[in-house]
Structures are given as C-alpha cells and as structure tokens.
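What follows is the residue order along each chain.
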Amino acid sequence: MEKTISDVKPKVFGVLAQFSSPKDVYHAAEKVRDKGYKKWDVHSPFPIHGIDGAMGLGDSRMGWIALFSAMAGCFGGFGLQYWINMFAQPVVIGGKPLNPYPAFVPVSFEPGILFTAFGCLLGMLALNGLPRLYHALFKSANFKKFSDDGFFISIEARDPRFNLNETRKLLEDIGGRNIEVVED
Amino acid sequence: MVDRIGHAGTLSSAILFLFRQRWRTAINRFSEAMTIFAVMCAGIFPGIHVGRIWVIYFVFPIPNQMSVWPNFRSPLLWDVFAVSTYFTVSVLFWYMGLIPDLATFRDRATTKVREFVLSVFALGWRGSARHWQNYERAYLILAAISTPLVLSVHSIVSFDFAVSKVPGWHTTIFPPYFVAGAVFSGFALVETLLLIARQVFGLHKVVRMHHLDNMNKFMLLTGSLVGYAYAMELFIAWYSGNMYERFAFYNRALGEYWWAYWIMVSCNVIAPQLFWFKKIRFNIPIMFIITILINIGMWFERFVIVITLHADFLPSSWGYYRPTWVDIWTYIGTFGLFGTFFLLFLKYLPQLAIAEVKGVMPEANPHFGDDHHGSAVSKTSNSKGH
C-alpha cells in the first residue's frame, strides 16, 4: 500500500475479502460470527437465504414501523373525515347521520396503505442508513463486483476485536480471496 | 375508463410474490412498469373530464377560500384517494425493487453522467446483508399491502358505477367482476408486451415457455370468472323482475350496440377458452393473437358499461354515440404516451428484476451442492440458534 502523501497516514476502514459463491460466503460468515466480531458485513448481489442466521443478526424492526405507519394512516384518514363532517362542515343530507362511518372505510383504508408504503421505503432506508452516496468500500475497484457476481465479507476497523494482521489472517483461513485493506 | 386495462401489473407481481411463485421474476418488473404508465395515462382522463382543470384541487381535502370540503360519502372521492394511493404505492413498490438493480447499473456505467444519475437513484446501495434483511422484510410488507390495495382500487372504481342508481350499473357483482377483469387484462397486456420484448431482446432463457404457460392459465381462469360475471349479470337482470334492469341488459346484448357487446363476449369469454388446449398455451403466435383480442375485449367491456347511458331516463339524452376526431386522437395519444414511457423504461432501466433472477438460481442457495441435505439443514438451524 504505497501512499502518495507519506506523512498523512490514512485511517483504515477495514478489511475486505471476496468469496466465490453464496455457499462459501455463508460458511465463512458463520466462522466470522463465531470469532465474536460485531462490526462486519456480508455483501452480495442478492439476499442469501439464511445469511442473517449465519451472521447472528436479530430480527428486522420493519414490522413495527409498518404497523405504526398503517395505524397513523388509518386513524388519520378516519379522523380527517370525522372532523370535516362533524365539525368543519356539518351538512345533513337526506336526513342521514353526520357520521356515516361505513362510507368512511375507503378513505381510512387507502391512507393506511399509503402511509405503510412510505413507512416501508423510508423506514428501510432509515434503518439501513441510506441514502449514503459515499462509503469507504466504494474505493475498492474489486468491490464493484458485489452487484454482479461477487460475494464479500468486510470487517471494520472499529470492531473491538479488529487487528489488521489477525483479521486478514482469519479471512484468508476461511477461504477469502483478493483480500485488501480499505482506507477510510 | 379505457386505460384501466393495464392496471393489474402490481397485483400480479405482489400476489405472485406472496405465494412465492419464483417464475414471477420473469414478469414482475414489466408488469409493474406497465401499471405505472397505464395509471399515468388514466390519470389524464379525469383531468379532462372535470372540465376546469385549474380547480382540480377541490378533490383534495385542502383548506380553501370557500371553506368547502370534499364529500367523503361519494365514491368519486373514494376513487381519487384509491387511484392516487395506487399510483404512489405502485411507484414505491417498483422503485424499491429497482434499488439493487440500479446499483448493478451504476457499477457497470460507462459514462460519468450515467454513473452520477444512477448513483443518486441507487442511494448508495452496497448489497449489505444487514441491509438486505430490512429490505426483504420491507418488500414483503409492501407486497402484502399492495394486494388488498389493488383489490380495493378495482372495487372502488366499480363503486363509481355500482353506487349510482343506474340500471345495469347498480349491481353487487361489480367489485369482484372488476377485480377479475383487471387481473385478466393485466396478464393479457403484460404477455403482449413481454412476447415482443422476449423476441426483440432475446429473453428466451429468462422468460421461459412455462412462464407463458402459467400466464395463459391465469388468463383462462380469470377470463372464465369474467364470463361467469357476464352470465350472472344477465341472469340477475331477468331474475330481479325489474323492468329497467331487464331493459338495460336486453339493450346491451340486442340493442343498437349489440356489436360492441358481442365483440366483448367473443374476445373476453370465448377467445381465452382456447387456452384449455396445451398446444395453444405453448404456441406463441396464437397466444399473442389471443392476448391482443383480450386487450380489445377489455376495452369494449368498459365501452359497453359506459355506453349504457345512451338510453337512460331522459329521452332528451337518448342518442347514438359516434366518437369525434378529438375522442379518437385523445385515445391514440394515450397509446403514444404509454409507448414513450415504456420504451424509455426498456432503454434506460433494468427490464428484468436482476437481483431477483439471480436469487432464484439453484446456485444462489447457500446449500447448493451439499450431498447430505439433512446435515445441511440441521447445520442451518443450529447456527440460527446462536
């Protein structure tokens, strides 16, 4: 790793290793997990079935976000109609009640769906810390293969167990290829 | 109403996702794109119909200078909410599926401009497993809510007719009948477009014969449901004993517009019955012709439903509808709009769900090639316990 500005030592982001198949990266992930690393990640062109278990991840919190957005949309939609018909503009038409709630079902349901959809997309992005156009891994030319047919494991330097040589050795031992140190 | 033809794309995509139909990956991106562009075309017509486009904001509950609020008891207002929600959710569903594929395009971009634009829309996606976990859950929830959404949208569209007290419209069969019709015509239009794209872009290995076979079977099923609905409408019109209702259907089938009614029946009910034969389900030229017939038939379905108005309660409004050149060119214009967007989509965006197609490959399974399936499974379940 030759530096152009030798007196400024760049911070190391972490170590990146490539694997050749979903199977390899899956078993490698199990080993990284068993070593007790926490700040690390698997990168793949598509979601690998069961990789969250192999990485020891907890459950996604998306369900809760969706539930609360759905309730906000539904109650908001119903509340809007109720408020308009009861308070903002109460008009009796054909002797019918001011609050004909069966007629309010569609416009309670639709905002519920709309809010859930926004909750899903924005919630997913928020949980993932996206959009984030800059990331240290994008400096690696080889990393571009993640969106094609490459499978990667990156272990970050901020992990307490991170040690440049040992971590690099671990990735080599579990079958990683093209191992490189990525700078921040 | 005419452009409601292509609206079932999101439905087919979402329902097939929920049922874990892996062949969905061949058609989902197409059908979602088709839905979005069709709704954009459809959105033009209410704009024309309100007559005063500059006061279209009256349909939204926005505080205004007259302190007047929209009437939430009207199906027309439900339709505003249903269609705008449908469009927005379809776009979000489509975009969410596009994010990983946009990242693929970004990483293969050849020019700086393309790379910049694609980088912005790919949102910095880096295929992280931690991201995929949230992504997959969010996508599942989106598919799960899109399904009832689409059912509700077509039901609410049918309420525009069914809630009014017009003979021939005021029927309870309308919501399921519109939903079945939407799936039917949605699959037909997807197949029409897909058959062309498959030929032009050589997608034979992704869009396989058995995918087309499955779509044909769907059209057979939903076409039969639509046929049942037509028959049931006639039966109930007779069985109700209501003379106005009877006249409406007598007039539809045997009145001045008999030709439109029978084109509809031939195209929507009789043509798809050919799909009972396996040889026809596997014959590309014939299935292409049938999908075109279905598209025509579904257009005539809306024509027949709406044109019932030509002989309503006011003799002064009786007459024979002849489209003006404005009508015809407005309609042709929507084809142009749809075609423009669809071709731009084919040119600049991933036509197929790349990440999803990769994900359903046998090699994508982390236990691919394991001889002892039992041990591989127990290994996974053990590791999940950690």
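Along each chain, numbering runs from 1 in the same order as the chain's sequence is written. Following the order in which they are written, the chains are lettered starting with A and the ligands numbered starting with 1. Totals for whole chains, interfaces and linings use every residue, but because this is a predicted model, local features are given only for residues with pLDDT of at least 70 and side-chain atom pairs only at 80 or more, for both listing and counting.

Draft legend 1. Molecular detail of the overall build of chain B. Only runs of H or I of at least four residues qualify as helices and only runs of E of at least two qualify as strands under DSSP, and these elements are numbered from the N terminus. The number of helices and strands found in chain B is 14 helices and zero strands. The secondary structure elements of chain B, listed N-terminal to C-terminal, are α-α-α-α-α-α-α-α-α-α-α-α-α-α. As defined in this context, the radius of gyration uses C-alpha atoms, and a globule is described by 2.2 Å times the residue total to the power 0.38. Relative to a compact globule of 386 residues, whose C-alpha radius of gyration would be 21 Å, chain B shows 23 Å and is just as compact. If one aligns the C-alpha atoms of chain B with their principal axes, the spans along those axes are about 75 × 60 × 45 Å. A total of 386 residues make up chain B; the buried ones form 41% of that total. By definition, residues are in contact whenever their C-beta atoms, placed on the basis of the backbone, come within 7 Å of each other. Long-range contacts, defined as pairs at least 24 residues apart, comprise 76% of the intrachain contacts of chain B with a sequence gap of at least 6. Buried means a residue has 20 or more other C-beta atoms within 10 Å of its own C-beta, exposed means 12 or fewer, and partly exposed covers the counts in between; C-beta atoms are placed from the backbone.

Draft legend 2. Local environment of the domain arrangement of chain A. Domain delimitation in this document rests on an assignment produced automatically or drawn from a domain database. Its domain assignment divides chain A into domain 1 (12-58 + 132-183) and domain 2 (62-128). For domain 1 of chain A versus domain 2 of chain A, the distance between C-alpha centres works out to 43 Å.

Draft legend 3. Fine view of the packing of helix α1 (residues 9-18) of chain B against helix α5 (residues 129-162) of chain B. Residues and elements named next belong to chain B. Running from N to C, α1 and α5 point in directions that differ by 135°, and their axes come no closer than 8 Å. It follows that α1 is oblique to α5 by the angle criterion. Remark: the crossing between α1 and α5 carries left-handed chirality. Only Ala143, Ala144, Ser146, Thr147 and Val150 of α5 make contact with α1, whose side of the interface consists of Thr10, Leu11, Ala14, Ile15, Phe17 and Leu18. Residue composition of the contact of α1 with α5, grouped by class: eight nonpolar, three polar and no charged. An axis is simply a line fitted to the C-alpha atoms; with a helix, the fit covers only the stretch in contact. Between two such axes, the angle follows the N-to-C directions and lies from 0 to 180 degrees. Should an angle lie under 35 degrees it is considered roughly parallel, over 145 roughly antiparallel, and from 65 to 115 roughly perpendicular; all remaining angles are considered oblique. For any helix crossing, the convention is left-handed if the near helix is rotated counterclockwise from the far helix by under a right angle, and right-handed if that rotation is clockwise. For this scheme, ten residues count as nonpolar: Ala, Val, Leu, Ile, Met, Phe, Trp, Tyr, Cys and Pro. Four count as charged, namely Asp, Glu, Lys and Arg, and the remainder, Gly too, count as polar.

Draft legend 4. Spatial organisation of the pairing of strand β1 (residues 12-19) of chain A. Residues and elements named next belong to chain A. Of all eight residues making up β1, seven are buried, and the element is well covered by its neighbours. In this sheet, strand β4 (residues 177-183) lies alongside β1 in antiparallel orientation, the contact comprising five bridges. Within β4, the residue paired with glutamine 18 across the bridge is arginine 177. Bridging between β1 and strand β3 (residues 151-156) involves six bridges; their strand directions are antiparallel. Across the sheet, glutamine 18 pairs through a bridge with phenylalanine 152, a residue of β3. Two strands pair if DSSP finds at least two bridges between them.

Draft legend 5. Highlighting the domain arrangement of chain B. All names here are of chain B. Taken domain by domain, chain B comprises domain 1 (1-163) and domain 2 (166-321). Each of domain 1 and domain 2 has a C-alpha centre, and these two points are 24 Å apart. In this complex, domain 1 contributes 23 residues to the contact, which on the side of domain 2 involves 26 residues. Those elements that place two or more of their residues in the side of domain 1 that touches domain 2 are α1, α2 (28-49) and α5. Tallying contributions element by element places α5 first for the side of domain 1 that touches domain 2, with seven residues.

Draft legend 6. Here's a closer look at the interface of chain A and chain B. Taken together, the contact pairs 61 residues of chain A with 52 residues of chain B. For the side of chain A that touches chain B, the element with the highest residue contribution is helix α4 (residues 105-128) of chain A, accounting for 15 residues. Tallied by class, residues from the side of chain A that touches chain B come to 35 nonpolar, 17 polar and nine charged.

Draft legend 7. Highlighting the sheet that holds β4(A). Residue and element names in this part refer to chain A. The strand order across the open sheet formed by four strands is β2-β3-β1-β4, and the pairing between neighbours is antiparallel. Edge positions in the sheet fall to β2 (40-43) and β4, since each has one partner strand and no second. Put simply, the sheet's adjacent strands are angled 20° from each other on average, direction ignored. Each of β1, β3 and β4 is contacted by helix α5 (residues 164-173), which is oriented at about 10° to β1, the strand it contacts most.

Draft legend 8. Spotlight on helix α3 (residues 62-88) of chain A. When the terminal C-alpha atoms of α3(A) are compared, their 36 Å separation across 27 residues agrees well with the 39 Å that a helix rising 1.5 Å per residue should span. Inspection of α3(A) places Met62(A), Ile65(A), Ala66(A), Ser69(A), Ala70(A), Gly73(A), Gly77(A), Gln81(A) and Asn85(A) among the buried residues, and these make up the whole buried set. Next to the buried residues of α3(A) lie α4 of chain A together with α5 of chain B. One fewer than the residue count of a helix, multiplied by 1.5 Å, yields its expected span.

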